[in-house]
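# Secondary and tertiary structure notes
One letter stands for each residue in the lines below.
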Amino acid sequence: MLDRRTFLKTGLTMAGLSFPSGAQSAFSPSLVQDHDAAVVKLLERQVMDRGSPWFGGYPNADGLVTPHSAAHLFEMLVSAYLCPQSRYHQDGQIKRRIRHAVQHLETVQRASGNIDLPTTNFNSPPDTGFVLRPLAGAATLAKGFKSLEILEWITPFLKKAGMALSRGGIHTPNHRWVVCSALAQLADLYPDEPYIERIDQWLQEGVDIDVDGMYTERSTRVYNAVTNRSLVTMADKLNRPELLDPVRRNLDAMQYLLHANGEVVTEISRRQDAHTRGDLRRYWFALRYMAIHDHSGPYAAMLLPYEPAHIQLPRLMEYPILNQPLPQPEELPSRFEKHFSAAGVTRIRDGSMSATLIHRDSSRFFSLHHGEAAIHAVRLATAFFGKGQCVPEHYRHSDGQHIWRQTLKGPYYQPLEPSRRVPPNGDAWSLSRTERQASEICTMHYELRLTRTDSGWELDMKADGTHRVPVSVEFNLREGGTMEGVEKVPGQDHAWLMQGGMASYTVGKDRMRFGPGGHENRYVQVRGAMEKLSGPSVYITSFTPFRQTIRFELL
């Protein structure tokens, strides 16, 4: 394996990279051509009006000129300028554009050394950490390829930002590692600066990974990948291989959080990616690094769907290890029942069938994928005192059954004894309930039992206690399919009622049926229940006592 110094000394080869003889590198002429094509578009968007406050930057999709977009521009231009196969290698115009990007960054950098994320964060150390990743990476290339003028241009910004990160705060758990990885990059560039002390201060808190291999935020699409790339960067730059262990544990866990089509299970996320669709493309850097470092066939298999489309030329130029040959891919788990105890999740795969069971604290207790056909959630609610959404409190797995339970109470309240005046405000009234005797107490018991069958699944649903309470069961489906056995709910968008037998749902060649079920009314959005999920939803409606067995048949 080439070390960084060897790479940077020998990097000015015909290919622009140096890797072992005979190795099948991720680098290719087409990769450089694609990079150059992206540079063309960036040059067209860079603000060149010297009278503009945004001179040197470029607007993002929302029309905002941010330090993040300028950092991306700097990285893309520097890597093209330094790569011998690029049409922009040593191009004078590109060099001038690089200088303008730096000027923009200097303009928007605050006196503290931090930058802003104009959509939400201001004077932000974490966002400064995010922009330093591409900036310090490109500066590393400038230093290694002896382009010292470019390094000299960006150094004041980087050192000022480094001072800010050495004392700045954070918002979320992953921000610690974003900041530390940026400081590790700076320590690699400027060894005499005191960045390591701050890194060690954050690391003393310990990397926040649980027994399931999940980081605190459990953000399977976004912040897992951010934390992994940050830890890999720190391990590489600081020569601390022990920091790769949590990355390894997370990637191992992610093998069980993939649907058959490569989509990621997002139901467990505590961040904005919860219940969204996505894949592992953000994991590219950590997957390629770890596949080669560990000679891991499973990591190589997880990586391959994202190459060559998501290969990043600047990363290949900065990290020689990424140009080593990948190990032979190994088949990923496709038939398993995996329990994540800390997250309270069970994952079950059987070929194209992929089920996710949320044990507690979620109304979306069951989701089912069959290839491209997907039921994103099954939810049960009653119109019970405006709080009847079923959010299971208890879960157990027994004799092949997955069992959820919840009990709700709906009391009325007696006069205070002894009587006293209640101040005329809502808080006082609410607080007084704890002092009042409850009467006419109504109850609602939910029980859900889920069992595997030869053709799919069977879900036995029960809601009883108080009688004649309206019931609504929602089956939320993936958009883009066709349905049969349903009828439109009048006056409501994307809502259908089951007609009395089985409903079917088809996406491409993948089809599932679910039911039987009907509707005793059209009251699908019962009072107090959570709002309808986005996309098409099919409903069963009834009254308590409610008992319905739903079959999910995969065709």
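As the structure is a prediction and not an experimental result, all values here were calculated from the model. (Residues numbered from 1 in each chain as written. Predicted model: local features only at pLDDT ≥ 70, side-chain atom pairs only at ≥ 80, totals over all residues. Heavy atoms only, no water.)

Helix and strand content of the protein: 14 helices and 19 strands. Taking the principal axes of the C-alpha coordinates as reference, the protein spans close to 80 × 65 × 45 Å. Every one of the 555 residues in the protein was classed for burial, and the buried ones make up 55%. Expressed as a percentage of contacts within the protein between residues at least 6 apart in sequence, the contacts between residues at least 24 apart total 67%. Surface summary for the protein: the accessible area is close to 24,200 Å², and the carbon and sulfur share equals 48%. Of the charged side chains in the protein, 63 are positive and 60 negative; the average position of the first set lies 2 Å away from that of the second. (Helix = DSSP H or I, 4+ residues; strand = E, 2+ residues; numbered from the N terminus. Buried < 20%, exposed > 50% of the residue type's maximum accessible area, 1.4 Å probe, protein only. Contact = heavy atoms within 4.5 Å. Areas by Shrake-Rupley, 256 points an atom, 1.4 Å probe, with all protein chains shown as cover. Lys, Arg positive; Asp, Glu negative; His and termini not counted. Charge placed at Lys NZ, Arg CZ, Asp CG, Glu CD.)

Turning to the pattern of salt bridges, a few remarks are in order. Applying the stated criterion across every chain yields a total of 28 salt bridges. Between R315 and E75 there is a salt bridge, and its shortest N-O distance comes to 2.6 Å. You can see R315 sitting in helix α13 (residues 313-318) and its partner E75 sitting in helix α3 (residues 67-82), a full 240 residues away along the chain. Comparing R315 with E75, the two get one shared label, buried. D188 is paired through a salt bridge with K237; the nearest N and O atoms lie 3.7 Å apart. (Salt bridge = Lys/Arg side-chain N within 4 Å of Asp/Glu carboxyl O.)

Following the sequence through the fold, S181 ends up in helix α7 (residues 173-189). The exposure class of S181 is buried, given its relative accessible area of 7%. When the C-alpha positions of S181 and L448 are compared, they lie 45 Å apart, and in sequence the two are 267 residues distant.

Let's shift gears to unusual backbone geometry. In the segment running from E307 into P308, the intervening peptide bond is cis, with an omega of 10 degrees. The topology assignment puts P308 in the loop between α12 (297-303) and α13. The peptide bond linking T544 to P545 adopts the cis configuration, its omega dihedral lying at 0 degrees. Examined against the element boundaries, P545 turns out to sit in the loop between β18 (537-543) and β19 (546-554). The backbone of D399 shows a phi angle near 50 degrees, a positive value even though the residue is not glycine.

On to the packing of aromatic side chains, then. Tallied over the entire structure, the rule returns 11 aromatic pairs. Between the aromatic rings of F366 and F552, the centroid separation amounts to 5.5 Å while the plane-to-plane angle is 70 degrees, which identifies the pairing as edge-to-face. On the criterion of sequence distance, the pair formed by F366 in strand β6 (residues 366-370) and F552 in strand β19 is long-range, its members being 186 residues apart. The exposure classification of F366 matches that of F552, with both residues buried. Three or more aromatic residues link up through ring pairs in this structure, and these residues are F366, W457, F475, F514 and F552. Directly above the aromatic system of W457 lies the positively charged group of R452, at a separation of 5.2 Å from the ring centroid. (Phe/Tyr/Trp six-rings, centres within 6.5 Å; stacked < 30°, edge-to-face > 60°. Lys NZ or Arg CZ within 6 Å of the ring centre and 35° of its normal.)

One open sheet accounts for eight strands, arranged β8-β9-β10-β11-β19-β17-β16-β13; its pairing is antiparallel. Strand pairing shows two members of the sheet lacking a second neighbour, β8 (394-398) and β13 (482-484), which therefore form its edges. Neighbour-to-neighbour, the strand axes of the sheet open up by a mean angle of 15 degrees, direction not taken into account. (Pairing = 2+ DSSP bridges. Axes fitted to C-alpha atoms, helices over the stretch in contact; angles between N-to-C directions.)

This next bit is on the environment of D116. With respect to the helices and strands, D116 occurs in strand β1 (residues 115-117). For the pair D116 and I154, spaced 38 residues apart in sequence, the C-alpha to C-alpha distance is 18 Å. With residues near it in sequence (within four places) discarded, D116 still touches P67, H68, R110, N121, F122 and N123. Within the structure, the side chain of D116 is placed 2.7 Å from the side chain of R110, a separation counted as a polar contact. (Polar contact = N/O pair within 3.5 Å; in protein donor to acceptor, adjacent residues only side chain to side chain.)

All right, on to the nonpolar core then. The biggest cluster of nonpolar side chains holds 103 residues, and the ones touching the most others in it are L135 and L158. Of the residues forming this core, the biggest block, 10 residues, is contributed by α3. Not counting the four nearest positions on each side in its chain, L135 is found in contact with A71, F74, L105, I154, F157 and L158. Core analysis: the next-biggest nonpolar cluster, separate from the first, contains 42 residues, L368, W457, V473 and A503 among them. (Core = buried A, V, L, I, M, F, W, Y, C linked by side-chain atoms within 4.5 Å.)

Relative to the 22 Å expected for 16 residues at 1.5 Å per residue, helix α9 (residues 223-238) spans 22 Å between its end C-alpha atoms, a close match to the ideal helical length. For α9, the tally of buried residues reaches 15 of 16 residues, placing the bulk of the element in the interior. Remark: N239 follows α9 within two positions and exhibits a positive phi of approximately 55 degrees. (Expected span 1.5 Å × (residues − 1).)

Before going further, it helps to spend a moment on helix α6 (residues 148-165). Side chains that are three or four residues apart share a direction in an α-helix, a result of its 3.6 residues per turn. Its 18 residues give α6 an end-to-end C-alpha distance of 24 Å, which sits within 8% of 26 Å, the value for a rise of 1.5 Å per residue. Every buried residue of α6 is listed here: I150, L151, W153, I154, T155, F157, L158, A161, G162, A164 and L165. Against the buried residues of α6 lie α3, α4 (92-108), β1, α5 (125-144), α7 and α8 (196-203).

With that settled, consider the sheet that holds strand β12 (residues 470-477). Pairing is mixed across the open sheet formed by nine strands, whose spatial order is β3-β4-β5-β6-β7-β12-β18-β15-β14. The two strands at the open ends of the sheet, each matched to only one other strand, are β3 (335-340) and β14 (486-488). Going from strand to strand, the sheet's axes swing by 20 degrees on average, the running direction of each strand aside. Here seven bridges tie β12 to β18, and the two strands are oriented antiparallel to one another. Bridging across to β18, E474 finds its partner in Y539.

It is the contact of α5 with α6, at a shortest axis distance of 10 Å, that shows an interaxial angle of 150 degrees. Taken together, the axes of α5 and α6 are roughly antiparallel relative to one another. Of the two possible hands of crossing, α5 and α6 adopt the one that is left-handed. Contacts from P125, T128, G129, L132, L135, A136, A139, A142 and K143 of α5 reach α6 at L148, I150, L151, I154, F157, L158, A161 and L165. Residues that form the contact of α5 with α6 fall into these classes: 14 nonpolar, two polar and one charged. (Parallel < 35°, antiparallel > 145°, perpendicular 65-115°, else oblique. Left-handed = near helix turned anticlockwise from the far one by under 90°. Nonpolar A, V, L, I, M, F, W, Y, C, P; charged D, E, K, R; others polar.)

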